[in-house]
Amino acid sequence: MKNNTKYLLKNVGLLTLSNFGSKILVFLLVPIYTRLLSTEEYGIYDIYLTTITLLIPILSLNIVEAVMRFALDKKIEKSKVLSIGIKIVIKSILYCAILIIINYFTNFINIFNKFPQYFLLYYALNIIYDLVTQFAKSIDKIFDFAIASILNSLTMLLLNIVFLVVFKMKLNGYFLANCLAFAIPIVYLSIRLKLWKYIRIKSKDEELKKQMIKYSSPLILNNIGWWITNASDRYILTAMKGLSENGIYSVSYKVPSILNVVQAIFSQAWIMSAVKAYDDKENEFIGQTYQIYNCVFVLLCSVIIIFTKIITKILAANDFYIAWRYAPFLMISVLFTSLSNFLAGLFAASKESKIMGKTTIIGAVINIILNIILIYFIGTIGAAISTMISYIVVWFSRIKMLKNIINLEVNLYRDGIGYLILIMQAVLINILNIGMRIYIIEGILLISLIMLYNKEIKGILDKIWGIIVKKKF
């Protein structure tokens, strides 16, 4: 179990380095975009990016996910896995080209005829970048993956400055900079990993290909489900309450994004550890990791809910300050997203991808129905509450279905009390307008959570103290 813990912590550390570096560099680009691109130009780019994000898993049968999972399998030859992945990715690029040509001649969606060459180039480089980075992680080249991620962000920053600020290339320069930001890390990883050694063009393994597609295909539903869950509230809110309300609601997502960065880093590292632990039948390691992960995220969620008003005041202008009301419920949504992704790692390890797709679609359908009902009756806050409920449903569905795959010890009764306390915090901070006294009440609820999870907290502190003492002496 110690080896699995070290492996997980090492990967979390490296991924933290690459992710935080990326977030900071991309943040620096925001003033450049808003100053040098018109709202229409940025809108075109956003539509292209959103559409490509949806098309990649559909046209490629989500094969990139299968490449990572099957390359992690010690019994399967990695060259066969990558070769199958490359062939399917190339086909998906051809399918995308066909769609662009059809749209060009039919003019079915006019906006995609403005920059068709960049649409195809961005699609191709994006999916190839995903393929090589996921393969790098699967063969345990996490350091090289981290460097590639930093190269991606650094290239994006520098080339956007060159193309937009120096050469005044406007949207053409923006597209070109972002495409090259994928190309350079692809070249770096190809050389570092010597990818040509893994490619077998003539190699055919139809049985392995069938297994990979059988695993990856259900994940298309998973991706579409998450896409619907993340986007449906924006569309429905805009239709029912207008763009202004949606703008305020969008700002409320900035507060939970603090926790979202942490969960994104852990999720990337966890899937590799989950496969290793599952293969080694380390149920105790999996159970302990889940309990600690749950404890840390519950407490972080509680603390951020307490300071939601202050954080929103710092992040948002006066017109957007009301966004703090929705943030606590979205924060709880991130908690359950994190737990759902943890369980997704175990489904991936056991190659039970169908469960991920089913549960996510269930959550997406519930989210759409609740959005329509709650936004109609209670306004914008209904969107945040419906999002929270849909994520809870996804988590609960997965925790129940996991019992058929692995014996994961979860104290649902104790955790349920913890989640109810968080919901109580979110509700009270919204309905009680009692000045500073609300912070006393919220503080008492946080203390109750600390008492509830005292065993996990003690275990975390003991491990931290053990590391400090070991290094000191």
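Above: the structure in question.
Calculation criteria
Position labels on residues start from 1 in each chain and follow its written sequence. Only residues with pLDDT of at least 70 get local features here, since the model is predicted, and only at 80 or more are side-chain atom pairs given and counted; chain-wide, interface and lining totals rely on the full set of residues. Water and hydrogen atoms were dropped before computing side-chain values, which therefore reflect all heavy atoms in the structure. Helix numbers and strand numbers start at the N terminus; a helix is a DSSP run of H or I with at least 4 residues, a strand a run of E with at least 2. For every residue, the accessible area (1.4 Å probe, protein chains only) is compared with the maximum for its type, and the residue is labelled buried under 20%, exposed over 50%, or partly exposed between those bounds. Working rule for contacts: check all heavy atoms of both residues, and any pair within 4.5 Å makes them a contact. Any carboxyl oxygen of Asp or Glu within 4 Å of a side-chain nitrogen of Lys or Arg constitutes a salt bridge here. Residues enter patches when their relative accessible area tops 30% and they take part in no salt bridge; the joining distance is 9 Å for like charges and 5 Å for the nonpolar side chains Val, Leu, Ile, Met, Phe, Trp and Tyr. Per-residue accessibility takes into account occlusion by the displayed protein chains alone, with areas from the Shrake-Rupley method and a 1.4 Å probe. Helix axes are fitted only over the stretch in contact, all axes being lines through C-alpha atoms; the angle between N-to-C directions runs from 0 to 180 degrees. Here roughly perpendicular refers to angles of 65 to 115 degrees, roughly parallel to angles under 35, roughly antiparallel to angles over 145, and oblique to all remaining angles. Note on convention: near helix rotated counterclockwise from far helix by under a right angle means a left-handed crossing. Clockwise means right-handed. Any residue outside Ala, Val, Leu, Ile, Met, Phe, Trp, Tyr, Cys, Pro, Asp, Glu, Lys and Arg is labelled polar, Gly included; the first ten of those are nonpolar and the last four are charged.

Caption draft 1: Layout of the overall build of the chain. Within the chain, the secondary structure is distributed over 19 helices and 0 strands. Taking all 473 residues of the chain together, 51% fall into the buried category. Of all intrachain contacts in the chain linking residues separated by at least 6 positions in sequence, the fraction that spans at least 24 positions is 83%.

Caption draft 2: Looking closely at the pattern of salt bridges. Applying the stated criterion across every chain yields a total of 4 salt bridges. Across the pair D415 and R414 runs a salt bridge whose closest N-O atoms are separated by 2.9 Å. Among the residues examined, D415 registers a relative accessible area of 2% and is labelled buried. Looking at R414, the relative accessible area reads 14%, which means it is buried. In this structure, E456 engages R414 in a salt bridge whose closest nitrogen and oxygen atoms are separated by 3.2 Å. In this pair, E456 sits in helix α19 (residues 454-472) while R414 sits in helix α17 (residues 412-431), placing the two residues 42 residues apart along the sequence. Among the ionic contacts, a cluster of salt bridges with common partners joins R414, D415 and E456.

Caption draft 3: Summary view of a nonpolar patch on the surface. Together, M240, V365, I368, I369, I372, I373, Y376, F377 and I378 give the surface a local cluster of nonpolar side chains, amounting to about 870 Å² of exposed area. A total of 8 residues in the nonpolar patch trace back to one element, the largest contributor, which is helix α15 (residues 353-378). If you trace the backbone, I369 turns up in helix α15.

Caption draft 4: Examining the packing of helix α14 (residues 327-349) against helix α16 (residues 381-401) more closely. Running from N to C, α14 and α16 point in directions that differ by 25°, and their axes come no closer than 8 Å. One element, α14, and the other, α16, form an angle in the roughly parallel class. Here α14 and α16 pass one another in a crossing that is left-handed. Residues F329, L330, I332, S333, F336, T337, L339, S340, N341, L343, A344 and F347 of α14 form the contact with α16, whose participating residues are I381, A384, I385, T387, M388, Y391, I392, V394, W395, R398, I399 and M401. A per-class count over the contact of α14 with α16 returns 18 nonpolar, 5 polar and 1 charged.

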